[in-house]
Each structure stands twice: as structure tokens, then as C-alpha cells.
Amino acid sequence: TCQLKKYIYNGHYSNSTDVNYYINSLSIPLKTRINFGRKIKIFLEAGGFIDLILRTQMKGTKHIYLNQNMQMSLVNSEFNENAGISGLNFGPSIGIGIKIPVMKHEFIFITDYIHGIRELSNNLDPIYNKYFRIKLGLKI
């Protein structure tokens, strides 16, 4: 997933702007599915998920205010570094989908919402991984 934070407070004399967080994880769904219909099946899914966070990156602009010789100056610098997020994310998940038979196969379309409830950041501004996703599949 990728999410943009327009402003992050880093401390009294520092902040970051336009920070993109890239979170790569392996997701394990834990859901129950209810199907409706005979030929074309519409289904609802509800349950939870566990994400194993594998790698994180953050890119943006850091602004640091320096006091040199009783004169305040602003130093801006671009950064691209490890975001320092690791471990697990978890929470509820809900979705809706449809299975459409095509010859001997099934075309599957699912949209769901993932609501991460664990705060992932170690800095002063909280980061939660919450998102909608669209999945397409073909059952062979």
C-alpha cells in the first residue's frame, strides 16, 4: 500500500511534508463467505486479517530550523529512507463480490475494505493502514 501524509511533525524544530509511505506486507485473510444465487453468485465476506509487514519506505521533504549565531535558518532536504515500521497489522475486513460462470471457469470480482486498527508508526504522527481494494480473478 502507499499513503501520502501532507505534513508530519518531527519535533520542535523539524517537520516533513509530502511524505509517501510505502508498506509491503503479506496479508492473511480470516473471513466467512455467504453466497446468494445459483448460476451467477453474489457473496458477502466478513471477518478479519493479519498483515505481516515485510518492508517499508518513506519519501518526502524534511524541513529543519537551525539556530546559528543567533540567526534562524531553514534547511530543506529530500529524503528516501526506511520508515521503521515492522511487525503485524490486524483488524476487521468486509467485502462483497460476484462469481460469473464463463464456460467451465468462473470470473470473480471482489471489492473489500481493510481496517487496520494497530498504530504502525514510532514517530509523533500516527499511521494506520486502512484501505479499499479491488480483486479480479479467474477460477480454473
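Rules behind the numbers
Residues numbered from 1 in each chain as written. Predicted model: local features only at pLDDT ≥ 70, side-chain atom pairs only at ≥ 80, totals over all residues. Heavy atoms only, no water. Helix = DSSP H or I, 4+ residues; strand = E, 2+ residues; numbered from the N terminus. Contact = heavy atoms within 4.5 Å. Buried < 20%, exposed > 50% of the residue type's maximum accessible area, 1.4 Å probe, protein only.

Draft legend 1. Structural context of the environment of Ser86. Tracing the backbone shows Ser86 in the loop between strand 4 (71-82) and strand 5 (87-102). For Ser86 and Ser25, which are 61 residues apart along the polypeptide, the C-alpha to C-alpha distance reads 9.5 Å. Apart from the residues within four sequence positions on either side, Ser86 is in contact with Ile53 and Arg118.

Draft legend 2. View of unusual backbone geometry. The residue Asp18 is not glycine, and still its phi comes out positive at about 50 degrees. Taking relative accessible area as the criterion, Asp18 reaches 40% and is therefore assigned partly exposed. Of note, Met103 is a non-glycine position whose phi angle comes to about 55 degrees, a positive value. With respect to the helices, strands and loops of the structure, Met103 is situated in the loop between strand 5 and strand 6 (105-115).

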